Amino acid sequence: MAQKGVQLEEEAISCSICLDLLKDPVTIPCGHSYCKNCIKSHWDTEDVKKVHSCPQCRQSFTPRPVLVKNTMLAFLVEELKKTGLQAAPADLCYAGPEDVACDVCTGRKRKAHNSCLVCLASYCGKHLQPHHDVPPLKKHKLVEPDKNLQENICSRHDEVMKMFCRTDQQCICYLCSVDEHKGHDTVSAAAERTERQRVLEGSRHNIQQRIQDREEDVKLLQQEVKAINCYADEEVVRSKKVFSKLIRLMKKRRSDVKQQVRSQQETEVSRVKELQEKLEQEITELKRKDAELKKLSHTEDHNQFLHNYPSLSALSESTHSSSINIRPLKYFEDVTAAVSELRDKLQDVLRETWTNISLTVTQVDVLLPNPQPEPETRAGFLRYSRELTLDPNTAYRYLLLSEGNRKATATHKSQSYSCHADRFTYGSQVLSRESLTGRCYWEVEWRGGVEVAVAYKNISRAGSVSGFGRNDKSWALHCDNDSYKFYHNKVQTSVLGPRSSRIGVYLDHSAGILSFYSVSETMTLLHRVQTTFTQPLYAGIYVYVMSTAEFS
């Protein structure tokens, strides 16, 4: 009875809104009591409806009742605090939907403080007390509140499952071990736990070691990031200085050209004006002479005419017309040609140099050396697709380039290509204008007989040794309607695979991977090369007579 009385007192001094001990308790007209702030906040939300209700019994009040302190409850709360029940609020914390409830509490259940693996029940702080006071109960195994205690009960025999069947890898009760699990390898659950705990500790040790190793790797990578940022910043500054010097040099050369042109302009203009002045003086003299001769021609006195004629008829030496050299629209054209030639040479140098710079930058190992996996689908390959064009300066004279220099056709007519050191003079082949580094993918649509290749820039341009795959500077896949063959350094390798009018080429330059694929509805690997590329590569095409190949 005493225990029940205490329980009633505890429930009586709790607020049903905040589920805590009453603070500044007030009692409303229906008789229920609440914390003053709790009921005030509740009614504040109902002010719009102008009808205020009790959260427990739902009785309505109009107008809003005036809240008056319940002195008796306030006194009771203070007394209970003085007698040591101030910890009661923790016991008065009722279980919510996600909480484990006390199995002993009647009515509104409190949160469980612990679960007992022997009793297979959960207890709040008050109902757990016997497990701390009664000697037999002290031996029970207490754990954190567990919702799944009933899973420890055998559904067949309604017994606690204290055994483990290693044969079937499941927990069982004692009756199961002598029934359907008879003859199986069975041990106590505690023994199996001990064994698995040992394995678990070993696994944890391995995991912790791996965590430690990975943390060390992370630290190294963090240091690597700092080093990369530092060196990159320094290199950007150094490169900026170099390019600034180049720009200043170019500006100076531009200024020098301008100054020389202006100086020559001044000289030429001065020469022309000097000649112009002589001509104007001669014109003036001739006009004066013409006037005198005209006057003499009108003289009627024959003697006077004959007397003056010798002195007037003589003319001064005339400026020869051949000294006047008119060059309409051609002044300084040699300067323009020289500057244009310089521009072309600089573009070639910059293109090659930029390729080397780009390759150097992409070969910097800033991450752990894990090669990237090769794509498995055409969509995956197309992520690395490169737009390529054919370089007319490398094309064999009997190759016709079309479609914006993307298509090559073998012809019997020599094309009007200019002389260039990069031109192939043996074999109907051509290289791409673009260099290839990093991860690249491109496709070649072909008809007849072709070779799809890659090559270094310094491949020979003359003789049979210049043919794709016939040297150590190129790799080529021969394609015709009957077969595939692969060539490198004069070695031929037969290749099996489905015929397709489209060949896909995948290059991972830093990993040294070069792969050729037959492209149709699916991607079929024809041949893969694993090597070390020491220079940027260029895509190549060799076209046989009456055949075409096009980058697509």
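Residues numbered from 1 in each chain as written. Predicted model: local features only at pLDDT ≥ 70, side-chain atom pairs only at ≥ 80, totals over all residues. Heavy atoms only, no water.

**Some thoughts on the environment of Asp508**
Right, so step 1: Structurally, Asp508 can be placed in strand S19 (residues 502–508).
Right, so step 2: Asp508 gets classed as buried once you look at its relative accessible area, which sits at 3%.
Right, so step 3: Put simply, Asp508 and Pro373 are 135 residues apart on the chain and 10.0 Å apart in space, counted from C-alpha to C-alpha.
Right, so step 4: Aside from chain neighbours lying at most four places away, what touches Asp508 is Gln372, Gly438, Arg439 and Ile513. (Helix = DSSP H or I, 4+ residues; strand = E, 2+ residues; numbered from the N terminus. Buried < 20%, exposed > 50% of the residue type's maximum accessible area, 1.4 Å probe, protein only. Contact = heavy atoms within 4.5 Å.)

**Considerations on the nonpolar core**
Right, so step 1: Trp442, Trp475, Ile503 and Leu514 are the most contacted members of the largest nonpolar core, which totals 38 residues.
Right, so step 2: In this structure, Leu21, Tyr34, Cys38 and Phe61 belong to the second largest nonpolar core, which totals 16 residues. (Core = buried A, V, L, I, M, F, W, Y, C linked by side-chain atoms within 4.5 Å.)

**Structural notes on the sheet that holds strand S8 (residues 163–165)**
Right, so step 1: What the 3 strands build is an open sheet, ordered S9-S8-S10; its pairing is antiparallel. Every interior strand has two partners, whereas the edge strands, strand S9 (170–172) and strand S10 (186–188), have only one. Here the average twist between neighbouring strands, direction ignored, is 35 degrees.
Right, so step 2: When S8 meets S9, the two strands line up antiparallel, connected through 3 bridges. Across the sheet, residue Phe164 finds its bridge partner in S9, namely Cys171. (Pairing = 2+ DSSP bridges. Axes fitted to C-alpha atoms, helices over the stretch in contact; angles between N-to-C directions.)

**Focus: the UniProt feature "coiled-coil region" (unreviewed entry) in the protein**
Right, so step 1: The positions that UniProt labels "coiled-coil region" (unreviewed entry) are, in the present scheme, residues 262–299.
Right, so step 2: For the annotated span residues 262–299, helix accounts for 95% and strand for 0% of the residues, and the straight-line distance between the end C-alpha atoms is 55 Å. (UniProt positions renumbered as here; feature names shortened; annotations may be inferred.)

**Some thoughts on the sheet that holds strand S5 (residues 114–116)**
Right, so step 1: Reading across from one edge, S6-S5-S7 is the order of the 3 strands in this open sheet, with antiparallel pairing throughout. At either margin of the open sheet sits one strand with a lone partner, and together these are strand S6 (121–123) and strand S7 (142–143).
Right, so step 2: Where S5 meets S6, 3 bridges bridge the pair, whose relative direction is antiparallel. Counterpart to Asn114 in the pairing with S6 is Tyr123.

**A few points about unusual backbone geometry**
Right, so step 1: Cis rather than trans, the peptide bond between Thr62 and Pro63 has omega equal to 0 degrees.
Right, so step 2: For Pro63, the position within the fold is in the loop between strand S4 (60–61) and helix H3 (71–82).
Right, so step 3: The backbone of Asp24 sits at a positive phi, close to 50 degrees, despite the residue not being glycine.
Right, so step 4: By the secondary structure assignment, Asp24 is in the loop between helix H1 (2–12) and strand S1 (25–27).
Right, so step 5: Given the relative accessible area of 39%, Asp24 is considered partly exposed.
Right, so step 6: A positive phi angle, near 70 degrees, is found at Lys490, a position not held by glycine.
Right, so step 7: By secondary structure assignment, the location of Lys490 is in the loop between strand S17 (484–488) and strand S18 (491–495).

**What to know about H3**
Right, so step 1: With 12 residues, H3 should cover 16 Å at 1.5 Å per step; its first-to-last C-alpha distance of 17 Å lies within 8% of that length.
Right, so step 2: Here H3 has its buried residues at Leu73, Ala74, Val77 and Leu80. Axial view of H3: buried residues confined to an arc of 130 degrees, hence all on one face. Opposite the buried face of H3, at more than 90 degrees from it, the exposed residues are Thr71, Met72, Phe75 and Lys82. (Expected span 1.5 Å × (residues − 1). Arc of directions from axis to C-beta.)

**Brief notes about the packing of aromatic side chains**
Right, so step 1: Inspection of every chain in the model, using the stated rule, returns 12 aromatic pairs.
Right, so step 2: With 5.6 Å between their ring centres and 85 degrees between their planes, Tyr456 and Trp475 make a pair best called edge-to-face. A residue pair is termed long-range when its members are at least 10 positions apart, and Tyr456 in strand S15 (residues 450–456) and Trp475 in strand S16 (residues 474–479) qualify at 19 residues. Neither residue differs from the other here; Tyr456 and Trp475 are each classed as buried. (Phe/Tyr/Trp six-rings, centres within 6.5 Å; stacked < 30°, edge-to-face > 60°.)

**A look at helix H8 (residues 189–297)**
Right, so step 1: Compared with the 162 Å implied by 1.5 Å per residue over 109 residues, the 150 Å span of H8 between its first and last C-alpha is a close match.
Right, so step 2: All buried positions along H8 are accounted for by Glu192, Glu268, Leu275, Glu282, Lys289 and Leu296.

**Digging into the confidence of the model for the protein**
Right, so step 1: Looking at the protein, pLDDT values average 85 and 89% of them are 70 or higher.
Right, so step 2: Predicted confidence is poor over residues 1–8, with pLDDT under 50, and the contacts of this stretch with residues over four places away or in other chains come to 3 contacts.
Right, so step 3: Long-range and interchain partners of residues 85–91, a stretch whose pLDDT sits below 50, account for 8 contacts in this model, where long-range means more than four residues apart. (pLDDT = per-residue confidence, 0-100.)

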